[in-house]
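# Observations on chain architecture
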Amino acid sequence: MTTQTLRRPAVSWLRIAAFLTITFGAIWATGAALWFGGGDVQGDAATPILMIAMYTPTLGVLVTALATGELRRPRDLLRETGVLPSRSLPRMAGYTAIGFLLAPALTLAALGVSSSAGRFAFHDPLPLEGLASMLAPQILIFPLGMVLTFGEEFGWSYLLPKLLPLGLWRALLTSGVIWGVFHAPFTLQGYHYPGLPGGLAVLAFTIASVLLGALLGWLRLAAGSIWPAVVAHAAANLIASALPALLGKPLSAADTALHASLSGWPGWLVMAATIAVLIVTGQFRKLAV
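A few points on the structure. (Residues numbered from 1 in each chain as written. Predicted model: local features only at pLDDT ≥ 70, side-chain atom pairs only at ≥ 80, totals over all residues. Heavy atoms only, no water.)

### Describing the nonpolar core
Counting 64 residues, the largest nonpolar core has Trp218, Met271 and Phe284 as the members making the most contacts within it. Look past the residues within four positions of Phe284 in its chain and what remains in contact with it is Leu168, Trp169, Leu172, Ala214, Trp218, Ile275, Leu278 and Ile279. Counting residues in each nonpolar core, the second largest holds 15 residues, with Leu238, Ile239, Ala242 and Ala260 among its members. (Core = buried A, V, L, I, M, F, W, Y, C linked by side-chain atoms within 4.5 Å. Buried < 20%, exposed > 50% of the residue type's maximum accessible area, 1.4 Å probe, protein only. Contact = heavy atoms within 4.5 Å.)

Below, the structure is given as structure tokens:
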């Protein structure tokens, strides 16, 4: 299957509605379990709930596919979602390598922007020699991180092809907004931007999700595979998120999230610039969707 075969003659609104209803119902249920259970979204006790929450999009896919009959053709479903690559393995491997490096590289650039604006201070000297050892715990649990991010990306890789009849950019924008709002049950509890009012936190994370989602969507469609996006998502969660504390002076959690991370305004600028470069160089045109 090529990226051209991801097109649909019409948007499958019924399947999209079913998928979103199940996915959002499940994520709000897990968010409510944490809220009414009196748990701290930043505490260790929240970790199992957060892990379950990452698989609510997969639940949405499986229930929808079962109800619509798509699950009767599991190989077709796996190809449509990119679990089975539709392009060559070397091509997938190349985009997977890009995916692994993407979020850390963008985060480093974002920290540079933040530093120039006086909102982040790098260690002097930078601990470059010990950086690998400091990142070792994140590297060790990276396979687990991929297992968890697959739970989300499987859902978005089911949704995106069904939105493509709207046009590539409308599909990417819509899926990015959905991804950002999807996190609202936990963002409202202070998960991504501690100290920021809930509504502003949801808005900030949705902006970040639209931009990062466009890049993950590019990886997914260009590779004809879900795996580069899974790897990139895991690298963002485990490696990129650790870099501010490793490379700079301690900041409050709120300051780091908003002023010195991929999810904050420096990250928005860097991701927007990267998307612009991909547009100018014709990388999105090559998707041929």
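So much for the structure itself; the text now carries on.
### A short note on the environment of Leu111
Turning to its location among the elements, Leu111 is positioned in helix H5 (residues 89–116). Here the alpha-carbon distance between Leu111 and Leu211, two residues 100 residues apart in the chain, equals 17 Å. In this structure, Leu111 is in contact with Phe120, Phe122, Leu243, Pro244, Leu247 and Ala260, ignoring residues within four places of it in sequence. (Helix = DSSP H or I, 4+ residues; strand = E, 2+ residues; numbered from the N terminus.)

### Observations regarding the packing of helix H10 (residues 198–223) against helix H11 (residues 227–238)
Remark: H10 packs on H11, axes separated minimally by 7 Å, with the N-to-C direction vectors making an angle of 150 degrees. Comparing their axes, H11 and H10 come out roughly antiparallel. Crossing of H10 against H11: the hand is right-handed. When H10 is examined against H11, the residues Leu216, Leu219 and Ala223 are found in contact with a partner set consisting of Pro228, Ala229, Ala232 and His233. (Axes fitted to C-alpha atoms, helices over the stretch in contact; angles between N-to-C directions. Parallel < 35°, antiparallel > 145°, perpendicular 65-115°, else oblique. Left-handed = near helix turned anticlockwise from the far one by under 90°.)

### Structural notes on the side chain of Glu152
Within the secondary structure, Glu152 sits in helix H7 (residues 142–163). Apart from residues lying up to four places away in sequence, Glu152 is in contact with Met54, Pro57, Trp179, Phe182, His183 and His233.

### A closer look at H10
Between the first and last C-alpha of H10 there are 36 Å, a value that for 26 residues agrees with the 38 Å anticipated at 1.5 Å per step. Extensive coverage of H10 is indicated by the burial of 21 of its 26 residues. Once H10 ends, the next one or two residues include Gly224, with phi positive near 65 degrees. (Expected span 1.5 Å × (residues − 1).)

### Quick look at H5
Residues spaced three or four apart along an α-helix face the same direction, because each turn holds 3.6 residues. For H5, which comprises 28 residues, the first-to-last C-alpha distance of 41 Å matches the rise-based estimate of 40 Å (1.5 Å per residue) to within 8%. Where H5 bends most, at Leu102, the angle is about 35 degrees, and the proline Pro104 comes one to four residues later. Inspection of H5 places Met92, Tyr95, Thr96, Gly99, Leu102, Ala103, Pro104, Leu106, Thr107, Ala110, Leu111 and Ser114 among the buried residues, and these make up the whole buried set. After H5 finishes, the residue Gly118 shows a positive phi value of roughly 80 degrees. (Bend = angle between axes of the 7 residues up to and from the residue.)

### With respect to the packing of aromatic side chains
Tallied over the full model, the rule gives 11 aromatic pairs. Considering the side-chain rings of Phe19 and Tyr158, the 5.6 Å spacing of their centres and the 50 degrees angle between planes classify their relative orientation as tilted. Taken together, the residues Phe19 in helix H1 (residues 13–36) and Tyr158 in helix H7 connect sequence positions 139 residues apart. We note that Phe19, like Tyr158, is buried. Their ring planes at 85 degrees and their centres at 5.1 Å tell us that Trp156 and Phe182 sit as a pair that is edge-to-face. You can see Trp156 sitting in helix H7 and its partner Phe182 sitting in helix H8 (residues 168–182), a full 26 residues away along the chain. Members of the aromatic cluster, connected to one another through ring pairs, are Phe19, Phe24, Trp156, Tyr158 and Phe182. Its guanidinium or amino end placed over the ring of Tyr158, Lys162 lies 3.9 Å from that ring's centre, counting from NZ or CZ. (Phe/Tyr/Trp six-rings, centres within 6.5 Å; stacked < 30°, edge-to-face > 60°. Lys NZ or Arg CZ within 6 Å of the ring centre and 35° of its normal.)

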